[in-house]
Structures are given as C-alpha cells and as structure tokens.
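Observations on chain architecture
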Amino acid sequence: MGAHRRGAGPHQRRPPGRGDPLTPISVEAYLGGILAAVRPLEPSERALADSLGLVLTEAVISSVDLPGFDNSAMDGYAVVASDVAGASADAPVRLPVLGDVAAGDTTAYDLGAGSCRRIMTGAPVPAGADAVVPVELTDGGVDAVQVREPVAAGNAIRRAGEDVRAGDLVLPAGTRLLPHHVAAASAAGAATVRVRPAPRVAVITTGDELVPVGEPLQYGQIHDSNGPMLRAAVLASGAVCAAVVHVGDRDAEPLADVVLRLAEQADAVVTSGGISAGAYEPVKDAFSSGADVRFETVAMQPGKPQAFGLVGERGVPLFGLPGNPVSSLVSFETFVAPALRVMAGRAGGPAGLRATVTRGWRSPANKLQVARVVLTRSGDDWCVEPSGAQGSHILGGLACANAVALVPPDVTQVREGDRMDVRLLPGEELPA
C-alpha cells in the first residue's frame, strides 16, 4: 500500500506508543491514550437557532433588561391600588374601564386614579397604575368593572429588569445548549453564539460478505448492519454523520485511499472490521506498516481488537473497530463516543447507576465484560439480568437489551444479588 498512504507529518500528534501489541492493554489505558490524542474542534460563530446541543466557547451576555418593561403577570385590570383598598364581595368597587392593553401593544398609556384598564398577561403596565387585579377577583366587565377584593401595590406586576439586567451573564462558556438555554439566550438578544461544532464522522464498513439492507443475499453473504448501526450511534452521540461507505476486501480503491479521502471532509473516521489477525484484514493491511495507527489487544469482551491513530494532513482520528456488530457498538460507546465528546467540547459522559443482579451469568477472566442486560425497576431498586447469550455476534440479545453492565476483570461469575455498574444503551430511557 506504500504509495497510497501519507504520513501524519512532523506537526501532527501521534497516538501514544506502548510495548508488545499482543499483550492486552486495559480499557482505561487504551481510552486514556485516545483522549490524550484528540483535541476540541475550533469554534465558530453560528446562528443560535442552529446551535442546539453545541457547547459555548464564549459567554452569552444580555443586551437587554428582562423584562424590558413593567408588565402584567396575569389577565386582569391595571389599577391604582388605593382605589380598591376597601373592595369586598358585599361592597365591590366600581371603576370605569378606559380600554384594553394587549400583549404587544406599543402605545404608552397613562392611568389616573379612579379608573382602570383591562390588561392581558405580558402587556405593558400603564404609567400611573401600581397593581393588577386578577380577572377572577372581578365581574369581568368591559365598560366598567366591579372589583370584589383589594390588592396590594405591586400585585401581579413584573418589574423591568427584575430577572436580568443588560450586561448580566446569561450563559457561561462551556454550557451545552439545550432548549431552555436557547430560550434564555434568545430573550437576552443573542442571535448568534460562538460554539464548537459537532464532529463530522465518516463511517466505513469492510468485508466482501456485506450486502446493503434491502438487497437479496447469496450464500455466504449477510446484510450490512454495522453501517446503519454506526451511523445511528454517531447521531445519538450528538455528532454529524458525514458519510457511510462500504469497502470490500478486494475493492479497486485501496482502503487507505478511502480513509484519507474521507479524512479531508470529516473530523473523525470510524471503520468496522478488518483489524484482526486473520487474512483479508483491509484496515490492518493498509495501516499496520506505519507509525500513525496502532493496533491493540484490549482486555475487554466484546471488543478485544482495536485500532486508533491520527491520519491525513489534518491528523484526523481514525478508530478501527471490530466487525462483529455487538463488538462494534460496544467499542463505539466505550472509545469513540468519549472522544467525540472531547472534540465537541463536552465534559463528562452518560450517567451510570448501580443495579442488583436478579439472574447471574459467567464473565471471562482478566477482561472487562460489557454485558448486554435488561434493566428494570423493582420498588426503589434497579435490577438487571442478561438479555441473552453474550457472544459478539448475538444481535437478538442486543435487540432485547436496554443497558450494559460493566463486569470487572477479576469477576468470572456474576451471581444473583451482586451489585453492578450499569449504563443505558444510547437513546434508551430509564424504565418506569
């Protein structure tokens, strides 16, 4: 492949080296090397409306007072509070209604003692009025109104600037924009924000046996589930799927060229398959002779073979994942998703929980087992049991699972009553 491959160049970061790649490396050490190699993407200015899920690199400062003017907190009548001080159900105070003030009315009204204006929620309070009587405390009159209870000065009035003053901090840098953040930034007058973009990820599946979903299968062929699955995993992680490409073991365009071509338009490249020790391993054949990509044996099940490096002129992260679908998904969630969060400027990861095992299973020695499980609620406790066989090719059990349990390397038998660390699968919600 020599002529088809370009080195990372002296200015590029290289993945951390280590000793014999046949000696298993821990999950923590392998992930640590990846996170040390990736970097947050460069920020850019973007319309607030297009920034949901992205992380601010500059704080949002309000350009206006919130509220911008005294306004009514309720539908009712703008009054002078002293005018209705003696109101009661038996002796209501009758006031003439000078007209209506609707939300969005830009007329600056004045109000003198002995009169009122009907006012809607959010409408500007007329000058001279110092309270709003809720409509429920009146007869709802239009030309004149009978007020049946007194109200104190300031009742049901939102004062200008009581929430935010112009120049106040609304959202600090580092905030990941969620719908309520978008609301606050919009109200504060921020039409654009400076954010880190969502990483663009290209997915490559490998193997002559793979056939696109919807096409008929010949003997020895299977449908390509990894392409759609990894695309979905990319989207569920908050990233953008830039491309999904299939490369056969003997395709005319060498895999190295496909990777480097996609690396020119993407921020990360994820491959599935082609990294094991057998024949027809296109990813390993393309990159094993250089120093840019390292092939590792990771002490986990599923997902033992892994590859990672920085490729192309921009040093784009390349994640080589195993080809078995379960191994590929577990590897994505364990290694790729955390790296994408770093690239997007996001801190932390999915919240975990502790659950009680209700039916045990076996786990391999000296490997972190990422076991597919069914998480349920039982009273105040969470419970898990295996969703089926734990082989890396078992898709039926994956379909039934809603979480994974992390079995430590020193545990070979998970028993009923054991407590396990559990993570929800992407997109799953906690069961009721």
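In the block above lies the structure referred to throughout.
Residues numbered from 1 in each chain as written. Predicted model: local features only at pLDDT ≥ 70, side-chain atom pairs only at ≥ 80, totals over all residues. Heavy atoms only, no water.

**Digging into the packing of aromatic side chains**
The geometry of an aromatic ring pair is captured by the separation of the ring centres together with the interplanar angle, meaning the angle of the planes. Enumeration according to the criterion identifies 2 aromatic pairs in this entry. Taken together, a centroid distance of 4.8 Å and an interplanar angle of 90° make the contact between Tyr 30 and Phe 335 edge-to-face. With Tyr 30 in helix H1 (residues 27–37) and Phe 335 in helix H6 (residues 325–343), the pair connects residues that are 305 residues apart, well separated along the chain. The buried category is assigned to Tyr 30, whose relative accessible area is 6%. Between Phe 308 and Phe 319, the ring centres sit 5.2 Å apart and the planes meet at 50°, which makes this aromatic pair tilted. Pair noted here: Phe 308 is in strand S20 (residues 305–311) and Phe 319 is in strand S21 (residues 316–321), with a separation of 11 residues, a long-range link. No difference in accessibility class separates Phe 308 from Phe 319, as the two residues are buried. Between Arg 377 and the ring centre of Trp 382, over which it is positioned, the NZ or CZ distance is 4.3 Å. (Phe/Tyr/Trp six-rings, centres within 6.5 Å; stacked < 30°, edge-to-face > 60°. Helix = DSSP H or I, 4+ residues; strand = E, 2+ residues; numbered from the N terminus. Buried < 20%, exposed > 50% of the residue type's maximum accessible area, 1.4 Å probe, protein only. Lys NZ or Arg CZ within 6 Å of the ring centre and 35° of its normal.)

**As for the pairing of strand S12 (residues 192–196)**
Residues Val 193 and Val 195 line the buried face of S12, whereas the alternating positions Thr 192, Arg 194 and Arg 196 sit on a face that is not buried. Relative to S12, strand S1 (residues 44–47) runs antiparallel, the two being bridged by 4 bridges. Note that in S12 the partner of Arg 46 across the bridge is Val 193. Where strand S2 (residues 55–56) and S12 come together, 2 bridges link them in antiparallel fashion. What sits directly across from Leu 56, in S12, is Val 195. (Pairing = 2+ DSSP bridges.)

**Some thoughts on the sheet that holds strand S8 (residues 131–134)**
Across the sheet, 5 strands lie side by side as S8-S5-S7-S6-S9; this open sheet has mixed pairing. The open sheet has two edge strands, S8 and strand S9 (144–147), and neither has a second partner. Neighbour-to-neighbour, the strand axes of this sheet turn through a mean angle of 40°, independent of strand direction. By the bridge criterion, 4 bridges tie strand S5 (residues 76–79) to S8 in an arrangement that is antiparallel. For Ala 78, the partnering residue across the bridge sits in S8 and is Val 132. (Axes fitted to C-alpha atoms, helices over the stretch in contact; angles between N-to-C directions.)

**Quick look at the sheet that holds strand S17 (residues 268–272)**
A sheet is described by the order of its strands in space; here 6 strands give the open sequence S16-S13-S17-S21-S20-S18, paired in mixed fashion. The open sheet is flanked by strand S16 (240–247) and strand S18 (293–297), the only strands paired with a single partner. Taking each pair of neighbouring strands and ignoring which way they run, the sheet shows an average axis angle of 15°. By the bridge criterion, 7 bridges tie strand S13 (residues 200–206) to S16 in an arrangement that is parallel. Opposite Arg 200, over in S16, you have Val 240 as the bridge partner. In the packing of H1 onto the sheet, the strands contacted are S18, S20 and S21, and the crossing angle to S20 comes to about 15°. Helix-sheet contacts for helix H4 (residues 255–263) involve S13, S16, S17, S20 and S21, and the interaxial angle to S13 is about 165°. (Contact = heavy atoms within 4.5 Å.)

Everything listed is a geometric property; what it means functionally is a separate question.
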